[in-house]
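# Residue-level structural notes
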Amino acid sequence: MRLSPSELILNADGSIYHLNLLAEDIADTIITVGDPDRVVEVSRHFDSIEIKKGKREFLTHTGFLKGKRISVISTGIGTDNIDIVLNELDALVNIDFATRKVRENRIRLKFIRIGTSGAIQADIPIDSWILTELAIGFDGLLHFYKNELSDFKEMEDEFIRQTAWSSKKSRPYIIKYDKQLAKKFKSNRIRLGITTTNTGFYGPQGRSLRLSPNVDDFVQVMANFQYQNRYITNLEMETSGIYALSKLLGHQAISLSCILANRATGEFSKNPQASVQELITFALQKITSD
Ligand SMILES: O=P(O)(O)O[C@H]1O[C@H](CO)[C@@H](O)[C@H]1O
Ligand SMILES: O=c1cc[nH]c(=O)[nH]1
């Protein structure tokens with residue numbers, strides 16, 4: 001089927017609509033970061049940079065490190081942006097822009113999120129790192145796509161029951177990391193975690209500045225949720241969307257988070273930049289280690 005100009009939207013130079021990229025601009029290994037400034041923090045470690053392109057909050061650098069071609073792209077904040085980034089990156093490799101048809105031979109991308117996050121258990125240190133094994137998505141993105149991803153229905157139901165989840169909100173969905181890709185990032189500095197992907201930073205993460213979240217003790221409610229002796233470790237805003245769309249599109253994904261806030265103790269990192277920088281160095285070393 002030929003995709004029409006309103007569905008597969010290309011810019012005048014043939015690049016994909018929001019990301020402003022051509023197929024040859026991206027590597028098979030793609031680091032995603034929220035903040036466009038963090039793209040530079042990653043690519044400054046590259047031995048060479050061949051591509052620097054961007055539009056809106058989506059900045060991409062592609063280059064080589066120790067002979068491995070790597071792209072780093074900023075997604076901005078939230079799973080609505082993840083919908084754009086994942087679909088457009090997939091289109092770049094799996095749709096022929098000349099014929100506007102899906103290619104028969106699919107390319108499998110590797111996504112590694114390097115992000116920041118807030119812990120909700122008091123024993124998780126500030127500046128420590130979590131690799132998300134299970135993401136609990138509050139965003140509902142998965143529900144907009146035909147899918148049969150229901151491996152965690154019992155855990156989802158239990159989450160809804162234990163947290164008295166309001167039926168006015170999207171049904172939380174639970175989705176797993178790519179175990180094979182995660183093996184590469186094994187380290188005694190990495191803790192495997194259960195991460196919630198929240199639809200905002202303030203009310204949706206239980207923060208109260210001038211407005212009150214509708215659940216008074218949101219962080220405690222999340223921290224108390226228990227399933228087979230496991231607890232939620234941290235909150236952020238992209239991982240479930242990355243895992244869900246990667247699974248549906250046939251890509252591999254893991255999400256690494258640097259813990260900047262601890263919501264249980266009220267602490268925040270004294271040097272967030274240095275802390276994220278260390279995680280970037282670690283991730284690049286693992287990515288280039290084969
Ligand atoms: O630091 P990044 O990668 O943006 O990740 C986290 O930080 C942002 C909120 O401050 C959200 O995007 C959240 O997921
Ligand atoms: O508390 C936090 C810290 C970083 N990112 C989030 O989404 N929440």
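Looking up the protein chain in an unreviewed UniProt entry gives the name Uridine phosphorylase, with the organism given as Maribacter algicola. Taken verbatim from the UniProt record of the protein chain, the Catalytic activity (unreviewed entry) comment is "uridine + phosphate = alpha-D-ribose 1-phosphate + uracil".

Now for the environment of Ile 95. Within the secondary structure layout, Ile 95 lies in strand S5 (residues 95-96). For Ile 95, a count of 18 C-beta atoms within 10 Å translates into the label partly exposed. When the C-alpha atoms of Ile 95 and Ile 9 are compared, they prove to be 12 Å apart, with 86 residues separating the residues in sequence. If near-sequence neighbours (up to four positions away) are discounted, Ile 95 is found in contact with Leu 8, Val 102 and Arg 103.

On to the site of ligand 2, then. In the vicinity of ligand 2, the contacting residues are Thr 116, Ser 117, Gly 118, Phe 201, Gln 205, Leu 235, Glu 236, Met 237, Leu 260 and Ala 261. Among the elements of the structure, strand S7 (110-119), strand S13 (234-236) and strand S14 (252-262) are those that each provide at least two residues to the shell around ligand 2. Looking at side-chain class alone, the shell around ligand 2 contains five nonpolar, four polar and one charged residues.

For the rest of this paragraph, the subject is the site of ligand 1. Around ligand 1, the neighbouring residues are Val 33, Gly 34, Asp 35, Ile 77, Gly 115, Thr 116, Phe 201, Glu 236, Met 237 and Glu 238. Partitioning the shell around ligand 1 into residue classes produces four nonpolar, three polar and three charged.

The rules behind each value
All residue numbers refer to position in the chain's written sequence, counted from 1. Numbering of ligands from 1 and lettering of chains from A proceed in the order in which they are written. The predicted nature of this model means local features are confined to residues of pLDDT at least 70 and side-chain atom pairs, given and counted, to a pLDDT of 80 or more, with totals for whole chains, interfaces and linings taken over all residues. UniProt positions are given in the numbering used here, feature names are shortened, and annotations may be inferred rather than shown by experiment. Runs of H or I in DSSP of at least four residues are treated as helices and runs of E of at least two as strands, each being numbered from the N terminus. To sort residues by burial, count the other C-beta atoms lying within 10 Å of each one's C-beta; a count of 20 or more means buried, 12 or fewer means exposed, and anything in between means partly exposed. C-beta atoms are built from the backbone. What counts as a contact is two residues whose backbone-derived C-beta atoms lie within 7 Å of each other. Should the C-beta atom of a residue, placed from the backbone, lie within 6 Å of a molecule or strand, that residue is near it. For this classification, Asp, Glu, Lys and Arg are treated as charged, while Ala, Val, Leu, Ile, Met, Phe, Trp, Tyr, Cys and Pro are nonpolar and the rest, including Gly, are polar.

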